[in-house]
Amino acid sequence: MLNVFARASVSRITDPVGAWLVRHRVSPNVVTVVGTVCSVAAAVTLFPRGWLLTGTLVVTVFLLFDLLDGAVARASGHGGDFGAVLDAGCDRIADGAVFGSLLWWALVTTGNETRGLALLLSLVAAQVISYVKARAEAQGLSATAGVAERAERLVVLLVGTGLHGLGVPYVLDVALWVLAAASVFTVGQRLVGAYRSRAG
Ligand SMILES: CCCCCCCC/C=C\CCCCCCCC(=O)OC[C@H](COP(=O)(O)O[C@@H]1[C@H](O)[C@H](OP(=O)(O)O)[C@@H](O)[C@H](O)[C@H]1O)OC(=O)CCCCCCC/C=C\CCCCCCCC
Ligand SMILES: Nc1ccn([C@@H]2O[C@H](COP(=O)(O)O)[C@@H](O)[C@H]2O)c(=O)n1
Ligand SMILES: [Mg+2]
Ligand SMILES: [Mg+2]
């Protein structure tokens, strides 16, 4: 949904930044790798310590690099097949680090098994959602539908962690269970989409 409705607005910001980076000889792959490494580093150092507000703000800044690398690729005219693979692979690494770090915080730091379960479901479902789409595309099928695409998943999660960090009660638990349910549902939507997209 955000991919359809927010992308045009986001591009009005990211396209000029992408063109500026190209003028300074920055390549899209550098943006992808730097954004991923910094997202992972921020998530694994901040979330397990329970620094949820700081973690949310810092991780968000570096996750937004994922919106920039495509803009740099378009502005440089060097976008390509490998860039798309690197982008998607790095997305999985960043998602694993963000969800995994919060899972560590929930289970090890605070001993909250309910939050841990919701995070575990969301982590596994997030990876499966993306894998089913990629595998379907490799088979010549299409599986793009889903209520919880990556942007939606990250927005729900990070608004929940940010507000929890600010001391707002209940919001994180609601966000985590909405996220887990929507993510599991999206796995089903992607599989059904792939099935229906078969020719004949
Ligand atoms: C209240 C207390 C304080 C809390 C503050 C924090 C609030 C945090 C709120 C939001 C943070 C959101 C961060 C999200 C960043 C990442 C977004 C993202 O994923 O963008 C990519 C996405 C899709 O692009 P692709 O098609 O290239 O991506 C593919 C897709 O993700 C596939 O998904 P899946 O199959 O898993 O469902 C993957 O498979 C595939 O790997 C991947 O390549 O782009 C969009 O959807 C476009 C719209 C995104 C809107 C996000 C909202 C961000 C909020 C603010 C934007 C401000 C913009 C400023 C930019 C400045 C840059 C200098
Ligand atoms: N290192 C990269 C990253 C991305 N691309 C291209 O951009 C597309 C993704 O665009 P986003 O705005 O969603 O990041 C991707 O499919 C590639 O075509 C690239 O070439 N190199
Ligand atoms: Mg990207
Ligand atoms: Mg991406």
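Parameters at a glance
- Residues numbered from 1 in each chain as written.
- Chains lettered and ligands numbered in written order.
- Predicted model: local features only at pLDDT ≥ 70, side-chain atom pairs only at ≥ 80, totals over all residues.
- Heavy atoms only, no water.
- Donors = N, O, S within 2.8 Å, 3.2 Å for Na, K, Ca; no water.
- Helix = DSSP H or I, 4+ residues; strand = E, 2+ residues; numbered from the N terminus.
- Buried < 20%, exposed > 50% of the residue type's maximum accessible area, 1.4 Å probe, protein only.
- UniProt positions renumbered as here; feature names shortened; annotations may be inferred.

A. Local environment of the coordination of the magnesium ion (ligand 3). At this site the magnesium ion (ligand 3) is bound by D66 (O), D66 (OD), D69 (OD) and D87 (OD), with donor distances of 2.0 to 2.3 Å. For the magnesium ion (ligand 3), all donor residues lie on one chain, and their spacing in sequence is D-x2-D-x17-D. Separating the magnesium ion (ligand 3) from the magnesium ion (ligand 4) is a gap of 3.3 Å, which D66 spans by donating to each of them. Highlighted residues: D66 in helix α5 (residues 65-76) and D87 in helix α6 (residues 81-109), separated in sequence by 21 residues. Using a relative accessible area of 24% as the deciding quantity, one classes D66 as partly exposed.

B. Up close: the UniProt feature "transmembrane region" (unreviewed entry) in the chain. As annotated in UniProt, the feature "transmembrane region" (unreviewed entry) corresponds to residues 53-72 and 177-195 in the numbering used here. Secondary structure across residues 53-72 comprises 95% helix and 0% strand; the distance between its end C-alpha atoms is 29 Å. Segment residues 177-195 splits into 100% helix and 0% strand. End C-alpha atoms: 27 Å apart.

C. View of the coordination of the magnesium ion (ligand 4). Distances from the magnesium ion (ligand 4) to its protein donors, D66 (OD), D66 (OD), D87 (OD) and D91 (OD), fall within 2.1 to 2.5 Å. All donors to the magnesium ion (ligand 4) come from one chain, and their sequence spacing reads D-x20-D-x3-D. D87 sits in the buried class, given a relative accessible area of 19%.

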